[in-house]
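# Architecture and fold: a report
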Amino acid sequence: MIPYLAGTVAFQSSQTLEEVGKLISERLIGGLKFEGKEEYIYEEIPAIYISELILGLRVILSGYSGFDEEEWFELKLGPLRGVPQNGEKYDLSAYLETLFSDFHDFKILDN
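Here the structure is a predicted model, which means the values were calculated and not measured.

Next up on the list: the packing of aromatic side chains. A full pass over the atoms with the stated rule returns six aromatic pairs. Residues Phe100 and Phe103 carry aromatic rings whose centres are separated by 5.1 Å and whose planes lie at 40° to one another, so their mutual orientation is tilted. For the pair Phe100 and Phe103, one class covers both residues: buried. Of the residues examined, Phe100 reaches a relative accessible area of 1% and is grouped as buried. Put simply, the rings of Phe11, Phe73, Phe100, Phe103 and Phe106 touch in pairs and so form one group of aromatic residues. Looking at Arg27, its charged tip hangs above the ring of Phe103, at a distance of 4.4 Å from the centre.

This paragraph deals with helix 2 (residues 93-100). Because an α-helix completes one turn every 3.6 residues, residues spaced three or four positions apart along the sequence face the same direction. Those residues of helix 2 that sit buried are Ser93, Leu96 and Phe100. Angular distribution of buried residues about the axis of helix 2 spans 60°; they occupy a single face of the element. Exposed side chains of helix 2 directed beyond 90 degrees from the buried face belong to Ala94, Tyr95 and Thr98. Turning to helix 2, the residues buried within the fold contact strand 1 (4-12), helix 1 (17-28), strand 5 (73-79), strand 6 (89-91) and strand 7 (107-109).

The rules behind the values
Residues numbered from 1 in each chain as written. Predicted model: local features only at pLDDT ≥ 70, side-chain atom pairs only at ≥ 80, totals over all residues. Heavy atoms only, no water. Phe/Tyr/Trp six-rings, centres within 6.5 Å; stacked < 30°, edge-to-face > 60°. Buried < 20%, exposed > 50% of the residue type's maximum accessible area, 1.4 Å probe, protein only. Lys NZ or Arg CZ within 6 Å of the ring centre and 35° of its normal. Helix = DSSP H or I, 4+ residues; strand = E, 2+ residues; numbered from the N terminus. Arc of directions from axis to C-beta. Contact = heavy atoms within 4.5 Å.

Below, the structure written as structure tokens:
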């Protein structure tokens, strides 16, 4: 059994996906750039990711800007596919929400 890290934070912002990605990158991820929007990693939802792994975790940002019910973003951190996830999960979601509390233009949503 191998423990693993994962976390998700859902939030709303009036900024575009790319603007949100740049802000998160600059403030939380040491300037690593989000990319891959043209790859359509999620079929129906716009998404970008950081190609470099952080502690073996993939970072994906997806969603839509705005404050209507169907307009929100989700930042996910998790192991790559194929990495065993049969051990204890250490959930980073509450930690991510704490980090996001400094983003005054983001409205954190309950997961």
